[in-house]
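One-letter residues, chain by chain:
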Amino acid sequence: MSTNDGIRADWTTKDFYQVLGVSKDAGADEIKKAYRKLARANHPDSNPGDQAKHDRFKQVAEAYDVLGDVEKRKKYDEVRTAYASGGFGFPQGGFGSGSGGFDVGDMFGDRVRQGGLGDMFGDLFGNRGRTTAPPRPQRGADVETSATIGFTDAIDGVTISLRLTSDAPCPTCSGTGGKPGTKPHICTECEGAGFVVVSAGGAFSMNETCPACGGRQLVYDEACPTCHGSGRGSSSRSIQARIPAGVKDGQRIRLKGKGAAGTNGGPAGDLFVAVKVGPHRVFGRAGDNLTLDVPVSFDEAALGAEVRIPTLGGPPVTLKIPAGTPNGRTFRVRGKGAMRRDGTKGDLLATVQVQVPGKLDSTAREAVEAYRAATAGKPLRANLFEEGSA
Ligand SMILES: [Zn+2]
Ligand SMILES: [Zn+2]
């Protein structure tokens, strides 16, 4: 976790509202306006060599990065409120001045990562006993995965076993990236902020996760032997997932409560499974309907016939082909398609494909020649040509 939920330890010492010259209840438009005005006035391009304006520009960009984002602003306000109330009592001057004594393992553990601010600041500044707010229940994260199932399973529904791998803090170092038993020190690159301000070209600059500490604000002289300092690990688990009848290729199934576990008694997240459906030897799928190409002979199409066709998962049915059926005509067999959500079924769409024999024996050949003689003179292609031309 490179951002600790996006919360910065230095927010407690930085008044972004003051930086932008707006009140705490300023609307999004007002904040944007103030930012633009200040960014223009202090832009490095229009103030070459003016370090004071460069610095001011950076501050303005940093402030807007937070206040211009609804979610970040909300978190920032929470941190500021908590700080102002004195509930956590961490030292003035912010994070950088209090380098010893706090429990780094807890700081980056699951509980804090997914827990509330009370946890974070309580542990961060060694005042766990004075934490006023109880840990907030937090819903687990949603998890995405994909699965391929057979054509028939998609029609009937199927229970599949899914192996889910998710990011988790490295088990050896609890996500700190440091060799267990060694002591961290404040990152000198970002001075413990966890991020650095970089120019993004033109009028923009933005906060980037500090490359030296990866946003963790602390560095270790010796890297964790398991994760080599990244702090990242993974955990995997198996679950049984019920794929409902009638699922379509590419459909996303939501399995409520099968995502990541919640913390502090919060509910689990959801699992989303992107389903790929394999092909069938003869049947195709068009939404709730099944499709089937039915080869028929010329005489069957011309004279009419009753042909047996298969259904998926049921006995064959008889399809009545009326005399004079053209090639490509589709017949609808009701209720022999895929299951719909409401429990009813789609249809089977059977499409006639008139076959031309590759070879004729002499008897058949005579018959076809007789047919040709009988139908000679019928202008089959007359309308391909314009009137008067040959
Ligand atoms: Zn750093
Ligand atoms: Zn590790």
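Placed above this text is the structure.
All figures in this text were calculated on a predicted structure; none of them were measured in a lab.

> Requested: an account of the overall build of the protein, with residues and values cited.
On a plain count of helices and strands, the protein comes out with 10 helices and 15 strands. The proportion of buried residues among the 390 residues of the protein is 38%. At a minimum sequence separation of 6, the contacts of the protein that also span at least 24 residues come to 64%. About 22,400 Å² of surface is accessible on the protein, with carbon and sulfur atoms providing 51% of the total.

> Go over the packing of aromatic side chains, please, and point to the residues and values.
Two aromatic rings are characterised by how far apart their centres lie and by the angle between their planes. On inspection of all chains with the given rule, the structure shows five aromatic pairs. Pairing Trp11 with Tyr76 gives two aromatic rings, centres 5.5 Å apart and planes at 80 degrees, and the pair type is edge-to-face. A residue pair is termed long-range when its members are at least 10 positions apart, and Trp11 in the segment before helix H1 (16-20) and Tyr76 in helix H4 (residues 70-84) qualify at 65 residues. Relative to Tyr76, the ring of Phe16 has its centre 4.8 Å away and its plane inclined at 25 degrees; by these criteria the two rings are stacked. On the criterion of sequence distance, the pair formed by Phe16 in helix H1 and Tyr76 in helix H4 is long-range, its members being 60 residues apart. Like Tyr76, Phe16 is buried. By way of ring pairs, the aromatic residues Trp11, Phe16, Tyr17 and Tyr76 are connected into one cluster. Note that Arg252 overlies the ring of Phe272, its terminal NZ or CZ placed 4.3 Å from the centroid.

> Quick rundown of helix H2 (residues 28-42)? Include the residues and the values.
A rise of 1.5 Å per residue sets the reference length of H2, with its 15 residues, at 21 Å; its end C-alpha atoms lie 21 Å apart and thus fit the reference within 8%. Ile31, Ala34, Tyr35, Leu38, Ala39 and Asn42 are the residues of H2 that are buried. Seen from one end, H2 has its buried residues packed into an arc of 125 degrees, which puts them on one side. For H2, exposure combined with an orientation more than 90 degrees from the buried face picks out Asp29, Lys33, Lys37 and Arg40.

> Could you give an account of the coordination of the zinc ion (ligand 2), with specific residues and numbers?
Note on the zinc ion (ligand 2): its protein donors are Cys170 (SG), Cys173 (SG), Cys224 (SG) and Cys227 (SG). The metal-donor distances range over 2.3 Å. The coordination sphere of the zinc ion (ligand 2) comprises four donor atoms, whose angles at the metal cover 104 to 114 degrees; the geometry is tetrahedral. Classification of Cys173 by relative accessible area gives buried; the value is 5%. Look at Cys224 and you get buried, because its relative accessible area is 1%.

> So what's going on with the coordination of the zinc ion (ligand 1)? Residues and values would help.
Taken together, Cys187 (SG), Cys190 (SG), Cys210 (SG) and Cys213 (SG) make up the protein donors of the zinc ion (ligand 1), found 2.2 to 2.3 Å from the metal. Considering all four donor atoms around the zinc ion (ligand 1), angles at the metal cover 105 to 114 degrees and the coordination shape is tetrahedral. Of note, the zinc ion (ligand 1) draws all its donor residues from one chain, in the sequence arrangement C-x2-C-x19-C-x2-C. You can see Cys187 sitting in the loop between strand E3 (185-186) and strand E4 (195-199) and its partner Cys210 sitting in the loop between strand E5 (205-209) and strand E6 (218-219), a full 23 residues away along the chain. The class of Cys187 is buried, set by a relative accessible area of 1%. Cys210 sits in the buried class, given a relative accessible area of 1%.

> Describe the nonpolar core, and please don't skip the residues or the numbers.
The biggest cluster of nonpolar side chains holds 39 residues, and the ones touching the most others in it are Ile149, Leu162 and Ile309. With residues up to four places along the chain from it excluded, the contact list for Leu162 reads Thr145, Ser146, Ala147, Arg237, Ser238, Ile239, Ala241, Leu271 and Val273. The next biggest cluster of nonpolar side chains, apart from the first, holds 21 residues, and it includes Ile7, Trp11, Leu38 and Tyr76.

> Residue-level account of the sheet that holds strand E15 (residues 348-355), with values.
Whether parallel or antiparallel, the strands of a sheet pair through hydrogen bonds between backbone atoms. Spatially, four strands are ordered E10-E11-E15-E14 in an open sheet, and the strand pairing comes out mixed. Two strands bound the open sheet, and with one partner strand each, they are strand E10 (283-286) and strand E14 (330-333). Sheet twist, expressed as the mean angle between neighbouring strand axes with direction ignored, is 35 degrees. Strand direction decides the pairing type here: strand E11 (residues 289-297) and E15, joined by eight bridges, are parallel. If you follow Val296 over to E15, its bridge partner there is Val354.

> Account for the pattern of salt bridges, with residues named and values stated.
Scanning the model with the defined rule gives 13 salt bridges in all. Its salt-bridge partner being Glu222, residue Lys179 comes within 3.3 Å of it at the nearest N-O pair. Residue Lys179 is found in the loop between strand E2 (158-169) and E3, and its partner Glu222 is found in the loop between E6 and strand E7 (232-243); the two are separated by 43 residues along the sequence. Of the charged contacts, one joins Arg365 and Glu369 as a salt bridge, the two residues approaching to 3.5 Å between their closest N and O atoms. Remark: Glu369 and Arg365 occur in helix H10 (residues 362-375); sequence separation between them is four residues, near one turn of the helix. Assessed through its relative accessible area of 46%, Arg365 is described here as partly exposed. On the basis of relative accessibility, which here comes to 43%, the residue Glu369 falls in the partly exposed class. Within the structure, one salt-bridge network assembled from shared partners comprises Arg139, Asp142, Arg254 and Asp270.

Calculation notes
Residues numbered from 1 in each chain as written. Chains lettered and ligands numbered in written order. Predicted model: local features only at pLDDT ≥ 70, side-chain atom pairs only at ≥ 80, totals over all residues. Heavy atoms only, no water. Helix = DSSP H or I, 4+ residues; strand = E, 2+ residues; numbered from the N terminus. Buried < 20%, exposed > 50% of the residue type's maximum accessible area, 1.4 Å probe, protein only. Contact = heavy atoms within 4.5 Å. Areas by Shrake-Rupley, 256 points an atom, 1.4 Å probe, with all protein chains shown as cover. Phe/Tyr/Trp six-rings, centres within 6.5 Å; stacked < 30°, edge-to-face > 60°. Lys NZ or Arg CZ within 6 Å of the ring centre and 35° of its normal. Expected span 1.5 Å × (residues − 1). Arc of directions from axis to C-beta. Donors = N, O, S within 2.8 Å, 3.2 Å for Na, K, Ca; no water. Tetrahedral: all angles 85-135°; square planar, octahedral: opposite > 155°, others 65-115°. Core = buried A, V, L, I, M, F, W, Y, C linked by side-chain atoms within 4.5 Å. Pairing = 2+ DSSP bridges. Axes fitted to C-alpha atoms, helices over the stretch in contact; angles between N-to-C directions. Salt bridge = Lys/Arg side-chain N within 4 Å of Asp/Glu carboxyl O.

The values are spatial; any link to function lies outside them.
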